[in-house]
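So the chains spell out like this:
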Amino acid sequence: MTTPRVSKLTTLDDWLELRSRTTVPEAMWVDGAWDQAGGRTLPLVSPRDGTVVANVASADVEDVDRAVRGARRTFEQGVWSSLEPRERGEVLLRWAELLDAHRDELALLLALEMGKPVNVGWNVELRTAINTIRWYGELVDKLYDESPRGRNGALALVTREPLGVVGAITPWNFPMTLAMFKIPAALATGNSVVVKPATQTPLSLLRAAELSAQAGLPPGALQIVTGSGSVVGAALARHPDVATLTFTGSTEVGKKLLTYAGESNAKPVSLELGGKSPNIVFPDAPDLDQAAEVAAWAVSFNSGQMCTAGSRLVVHEDIRDDFVARVVKHLEAHVIGDPLDPATTMGPLAYAGHRDDVVDEIRKGIAAGTALVMGSDEKRDDGLYVSPAVFIDVDPDSRLAQHEIFGPVLSVLTFSTEEEAIAIANNSDYGLGSAIWTADLSRAHRLSRRIEAGMVWVNCYEEGDSSVPFGGQKLSGHGADRSVHGLEKYTSLKTTWINIEGAS
Ligand code: NAP
Ligand code: MG
């Protein structure tokens, strides 16, 4: 077994020292250079301490058009799209190495922009982001087209071709990982990509884009346009030269993007949206304490700002009290504090408005008469922190069971039969993640077939790697990221049918 790499920065002082000598990127990245977008800016307020850490370029519709045209030009020139797949793979691998070499700096930027604890950024977010780039870099020259065995007198070829310019719109909760679920797959297949990161979190991605140039990615192949979703995101989604749009974010915005696509060039839109994932625990779970520890993690990791959060704990009535007590114990073990402190396991919420929304949802739950066994609806006065909250006896039809809160708020629901567990699990507009804890193999298979979700984890939560698709069903979206299937949305199928004269 290899020992996992860790940052050499082990104290708050180490990270503060890095902060003191780090320049935060503020301009957009267009055609391989920094771009001020006409000098308009938006302040980026760090959730860490409420200070403005950057004044980030704020693009308008013309800036988006310029970035898309540059991306299209690069595509047509063939400086990226016509490289040998292996050469594209080598650039992606070099990029992964450079990101790895700058992991401290990138973890710092994640902590500043959205409050992610440096250790979580370093060990989880960046590890996944870098591994995804490597995986696609290694895959790209090992893909095959198809030649179906048709008729004797003909040769059929089914080939996959890049689309041109891919538009990507990403959220703030995993600024690097979720962008890298899209960018390397789109680049590997020869496309140019224009990314619009969330307003709160452009910093890590801008620095990553700068490093892509050092890795040898030609100007225009990766453009980062910054600014508001309603202007920049909408302009990208409506642009006639954007061939496809890939989105991760809320269901509400996802629906708008489908409309923009319909109003412009009918581009395909793939959507990774919200969730309200059920975590179902049977009394025969192989290790109930481990299940409880993971259940606590599933709702509090990244301060609960996780699309796959296990926000509905669906637990058998016989073990409910004991299990919830164990979950609470694990939640209490969190070290809540400064994201620059390596000891911190839970940072602030990403911005003040979101903190207010999460606290308001706790307040609504209490007002509805639901029992709260941990947490409170009081705003903390030491920052944008929200301590984990746990509601029990949650009505499956109530707001607490249906609405995605996107914070560390757990709704506990109880069942007695397997049928009831499935009914509760599927009683949701969403269908992203789900988990089943049981030692009964047949039960695990029975349930996994019937659960309406893109991902089912058995005796674990939120597991996976680059080889398996990540995506949802129902209002959680369609068109998964990761794996070889993640490439499909960035290519179009072409059939070539060749008549072979004289063959029989
Ligand atoms: P969001 O409000 O939908 O924003 C996502 C992105 O869309 C941001 O870049 C945003 O820009 C942009 N945007 C907003 N309005 C737009 C418009 N009218 N046209 C085009 N783009 C627009 O989501 P969020 O608040 O950042 O993230 C939380 C949501 O993301 C949750 O629902 C969560 O479940 C979901 N999520 C899903 C997954 C998944 O893989 N399924 C992963 C993570 C998060 P601005 O920042 O400028 O508003
Ligand atoms: Mg938003």
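Bear in mind that the values here come from a model prediction, so they are computed numbers and not experimental data.

Draft legend 1. Inspection of the overall build of the chain at higher detail. When helices and strands are tallied, the chain shows 16 helices and 21 strands. In terms of overall dimensions, the chain is globule-like: its C-alpha atoms have a radius of gyration of 23 Å, near the 23 Å expected for 504 residues. The principal-axis extent of the C-alpha atoms belonging to the chain is close to 75 × 65 × 50 Å. Split by element, the accessible area of the chain, about 20400 Å² in all, is 51% carbon and sulfur. One way to put it: in the chain the 47 positive side-chain charges average out to a point 4 Å from where the 66 negative ones average out.

Draft legend 2. Spatial organisation of helix 4 (residues 103-114). Over its twelve residues, helix 4 runs 16 Å from end to end, which matches the ideal 16 Å to within 8%, given 1.5 Å per residue. Of all twelve residues that make up helix 4, eleven are buried, and the element is covered over most of its length. Buried within helix 4 are the following residues: Arg-103, Glu-105, Leu-106, Ala-107, Leu-108, Leu-109, Leu-110, Ala-111, Leu-112, Glu-113 and Met-114. Summarising the contacts, the buried residues of helix 4 are in contact with helix 1 (12-20), strand 3 (41-45), helix 3 (85-101), helix 5 (118-139) and helix 8 (203-214).

Draft legend 3. Seen up close, the side chain of Gln-223. Inspection of the secondary structure puts Gln-223 in strand 8 (residues 222-224). Its relative accessible area of 0% is what places Gln-223 among the buried residues. In this structure the side chain of Gln-223 is engaged in a polar contact, spanning 2.6 Å, whose partner is the backbone nitrogen of Asp-31. In contact with Gln-223, not counting residues within four places along its chain, are Trp-29, Val-30, Asp-31, Ala-67, Gly-70, Ala-71, Val-193, Val-194 and Val-195.

Draft legend 4. Quick peek at the nonpolar core. Trp-95 and Met-180 are the most contacted members of the largest nonpolar core, which totals 58 residues. Beyond its immediate chain neighbours, meaning those up to four positions away, Met-180 contacts Trp-95, Leu-99, Ala-129, Thr-132, Ile-133, Leu-205 and Ala-208. The next biggest cluster of nonpolar side chains, apart from the first, holds 38 residues, and it includes Val-294, Phe-301, Val-390 and Phe-470.

Draft legend 5. Quick look at the domain arrangement of the chain. Assigned domains within the chain: domain 1 (12-273 + 477-492) and domain 2 (278-465). If you look at the interface, domain 1 gives 23 residues, while domain 2 gives 25 residues. Buried area between domain 1 and domain 2, summed over both chains or domains, comes out near 2100 Å², and the portion from carbon and sulfur atoms is 64%. Linking domain 1 with domain 2 are one salt bridge. Asp-338 is paired through a salt bridge with Arg-48; the nearest N and O atoms lie 2.8 Å apart. Summed over the shared surface of domain 1 and domain 2, the result is six residue pairs in polar contact (both at pLDDT 80 or more).

Draft legend 6. Highlighting the sheet that holds strand 13 (residues 371-374). Within the open sheet, the seven strands sit side by side as 13-14-15-12-11-17-18. Their pairing is mixed. Only two strands of the sheet have a single partner each, and these edge strands are strand 13 and strand 18 (457-458). Relative to strand 14 (residues 389-392), strand 13 is paired through three bridges, and the arrangement is antiparallel. The residue of strand 14 that forms the bridge with Leu-372 is Phe-391. Contacts from helix 15 (residues 418-426) reach strand 11 (278-281), strand 12 (312-316) and strand 15 (409-415), with the element oriented near 145 degrees to strand 15.

Draft legend 7. Summary view of the pairing of strand 15. Of all seven residues making up strand 15, six are buried, and the element is well covered by its neighbours. Bridge count for strand 12 against strand 15 is five bridges, and the pairing is parallel. The residue bridging Val-314 from the neighbouring strand is Leu-413, located in strand 15.

Draft legend 8. Structural detail: the packing of aromatic side chains. With the rule as written, the count across this model stands at nine aromatic pairs. Look at Trp-135 and Tyr-136: their rings are 5.3 Å apart centre to centre, the planes differ by 85 degrees, and that puts the pair in the edge-to-face class. With relative accessibility at 23%, the residue Trp-135 sits in the partly exposed group. Taking 5.1 Å as the distance between ring centres and 70 degrees as the angle between the ring planes, the aromatic pair formed by Phe-282 and Phe-415 counts as edge-to-face. Within this pair, whereas Phe-282 is found in the loop between strand 11 and helix 11 (288-300), its partner Phe-415 is found in strand 15, the two being separated by 133 residues in sequence.

Draft legend 9. Local environment of helix 11. Compared with an ideal rise of 1.5 Å per residue, which puts 13 residues at 18 Å, helix 11 spans 18 Å between its outermost C-alpha atoms and is within 8% of the ideal. Considered for burial, the residues of helix 11 that qualify are Leu-288, Ala-291, Ala-292, Val-294, Ala-295, Ala-296, Ala-298, Val-299 and Ser-300. Its side-chain oxygen 3.1 Å from the backbone nitrogen of Asp-289, Asp-287 forms the N-cap of helix 11. Of the residues trailing helix 11, Asn-302 is marked for its positive phi of about 55 degrees.

Draft legend 10. Focus on the packing of helix 11 against helix 12 (residues 320-332). With their axes 8 Å apart at the nearest point, helix 11 and helix 12 run at an angle of 55 degrees to one another. With respect to their mutual orientation, helix 11 and helix 12 come out oblique. Considering only the axes of helix 11 and helix 12, their crossing is right-handed. Seen from helix 11, the contacting residues are Leu-288, Asp-289, Ala-291, Ala-292, Glu-293, Ala-295, Ala-296, Val-299 and Ser-300; seen from helix 12, they are Phe-323, Arg-326, Val-327, Lys-329, His-330 and Leu-331.

Thresholds applied
- Residues numbered from 1 in each chain as written.
- Chains lettered and ligands numbered in written order.
- Predicted model: local features only at pLDDT ≥ 70, side-chain atom pairs only at ≥ 80, totals over all residues.
- Heavy atoms only, no water.
- Helix = DSSP H or I, 4+ residues; strand = E, 2+ residues; numbered from the N terminus.
- Rg over C-alpha atoms; globule rule 2.2 N^0.38 Å.
- Areas by Shrake-Rupley, 256 points an atom, 1.4 Å probe, with all protein chains shown as cover.
- Lys, Arg positive; Asp, Glu negative; His and termini not counted.
- Charge placed at Lys NZ, Arg CZ, Asp CG, Glu CD.
- Expected span 1.5 Å × (residues − 1).
- Buried < 20%, exposed > 50% of the residue type's maximum accessible area, 1.4 Å probe, protein only.
- Contact = heavy atoms within 4.5 Å.
- Polar contact = N/O pair within 3.5 Å; in protein donor to acceptor, adjacent residues only side chain to side chain.
- Core = buried A, V, L, I, M, F, W, Y, C linked by side-chain atoms within 4.5 Å.
- Domains from an automatic or database assignment.
- Buried area = accessible area lost by both parts, 1.4 Å probe.
- Salt bridge = Lys/Arg side-chain N within 4 Å of Asp/Glu carboxyl O.
- Pairing = 2+ DSSP bridges.
- Axes fitted to C-alpha atoms, helices over the stretch in contact; angles between N-to-C directions.
- Phe/Tyr/Trp six-rings, centres within 6.5 Å; stacked < 30°, edge-to-face > 60°.
- Parallel < 35°, antiparallel > 145°, perpendicular 65-115°, else oblique.
- Left-handed = near helix turned anticlockwise from the far one by under 90°.

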